[in-house]
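# Architecture and fold: a report
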Amino acid sequence: MTTALSTVTSADPLVLYGETFASRLLLGTSRYPSPRILEEAVRQAQPAMLTASLRRQNMSANDSPNRFWDMLRQLDVPVLPNTAGCHSVQEVITTAQMAREVFETSWIKLELIGDDYTLQPDTLNLVDAASRLIKDGFKVLPYCTEDLVLCQRLVDVGCQAIMPWAAPIGTGKGPINPYALRTLRERLSVPMIVDAGLGLPSHACQVMEWGFDGVLLNTAVALAQDPIRMAGAFASATQAGRDAYRSGTMTEQHAAQPSTPVLGTPFWHQA
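Analysis parameters
Residues numbered from 1 in each chain as written. Predicted model: local features only at pLDDT ≥ 70, side-chain atom pairs only at ≥ 80, totals over all residues. Heavy atoms only, no water. Helix = DSSP H or I, 4+ residues; strand = E, 2+ residues; numbered from the N terminus. Expected span 1.5 Å × (residues − 1). Buried < 20%, exposed > 50% of the residue type's maximum accessible area, 1.4 Å probe, protein only. Core = buried A, V, L, I, M, F, W, Y, C linked by side-chain atoms within 4.5 Å. 1 Å grid on protein atoms, 1.4 Å probe; cavity = no way out; pocket = protein on both sides within 12 Å on 5 of 7 lines; lining within 4 Å. Points joined across faces, edges and corners; volume = space filled by probe spheres on them. Nonpolar A, V, L, I, M, F, W, Y, C, P; charged D, E, K, R; others polar. Polar contact = N/O pair within 3.5 Å; in protein donor to acceptor, adjacent residues only side chain to side chain. Contact = heavy atoms within 4.5 Å. pLDDT = per-residue confidence, 0-100.

Next up on the list: helix H10 (residues 227–247). End to end, H10 covers 30 Å across 21 residues, agreeing with the expected 30 Å (1.5 Å per residue, within 8%). Buried residues of H10: Pro227, Ala231, Gly232, Phe234, Ala235, Ala237, Thr238, Gln239, Gly241 and Arg242, and no others. Positive backbone phi, at 85 degrees, marks Gly248, one or two positions downstream of H10.

We note that Asp76 has phi near 60 degrees; this positive angle belongs to a residue other than glycine. Mapping Asp76 onto the fold places it in the loop between helix H3 (67–75) and strand E5 (79–82). Given a relative accessible area of 68%, Asp76 falls into the exposed group. With a phi close to 55 degrees, Glu104 is a non-glycine residue in the positive phi region. Structurally, the position occupied by Glu104 is in the loop between helix H4 (89–103) and strand E6 (107–110). Here Glu104 falls in the exposed class, since its relative accessible area comes to 61%.

A general feature of soluble globular proteins is that nonpolar side chains tend to end up buried together. Core analysis: the biggest nonpolar cluster contains 77 residues, and Leu72, Leu133, Val140, Leu154, Ile162 and Val215 have the highest contact counts within it. In terms of residue count, H4 provides more of this core than any other element does, 7 residues in total.

The space that makes up the largest pocket amounts to roughly 630 Å³. Put simply, the parts of the chain that give the lining of the largest pocket at least two residues each are strand E4 (49–53), strand E10 (214–217) and helix H9 (219–222). Its residues placed into classes, the lining of the largest pocket shows 10 nonpolar, 14 polar and 7 charged.

Structurally, the position occupied by Asp213 is in the loop between helix H8 (201–209) and E10. Using a relative accessible area of 14% as the deciding quantity, one classes Asp213 as buried. For Asp213, the side chain forms a polar contact with the side chain of Arg185, separated by 2.6 Å. When neighbours within four sequence positions are excluded, Asp213 is seen to be in contact with Leu14, Arg24, Arg185, Val190, Pro191, Met192, Met208 and Arg242.

Looking at the protein as a whole, the pLDDT averages 88, with 87% of positions reaching at least 70. Residue range residues 1–8 is modelled with pLDDT below 50. Its contacts to residues more than four positions away, or to other chains, number 4 contacts.

Attention now moves to the side chain of Thr105. Mapped onto the elements of the fold, Thr105 is located in the loop between H4 and E6. Classification of Thr105 by relative accessible area gives buried; the value is 15%. With sequence-adjacent residues up to four places away left out, Thr105 is seen in contact with Val79, Pro81 and Arg100.

Put into structure tokens, the structure is as follows:
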């Protein structure tokens, strides 16, 4: 059965590195109350990809099954490995290469942390890390700040999509620098997925209304009182924001404008 939502998304797919995805929501897989709730949240949200860290894999014991990885396989959603926790370019390269073998994918979410307190990306070395990964055959989605020059440099070295933050990871503050984000969207034409800092479905809807191509979130769903229902709320809000952007919003006015036509009404009603 084809739903209205699936009809819209199939007609307007997210395209990353030449591959299409029906959903514009990407979902993280950590901090959920239980594996069952994670599984149900994923089924409710129907995301384009699931992010997962190599550090969640049990690689030390070949005879011990990894139930987390087995569950992800059963969900039948593409996995986007990340290099979470890496603090140097070489650590990123090594982790990415290991993730490619474990997850059997060339997709990688590049995370190179420069500050442990804010978890802000290392903007000085991020471009070099991205360049080396791309030369090694990876499809790189770099987690970055909303800095225009940094994002342009990432595009220049071959990143076909970027992932600027809305706010520091896990804060739930929503877009703390709307001007920079909107400027970024106006200046760069590559797909952009807002990653980190979104706390409410309205935050996701807002950045999608600005023209961003997708959102990636984890904590806002995983730590909700009802993660399953919240996953659905974010999926709906993301699509609503996309629909609003494509529809073309009205121009903001500085004064009240009558919504009821005045043509044909008595002149004293028009005074």
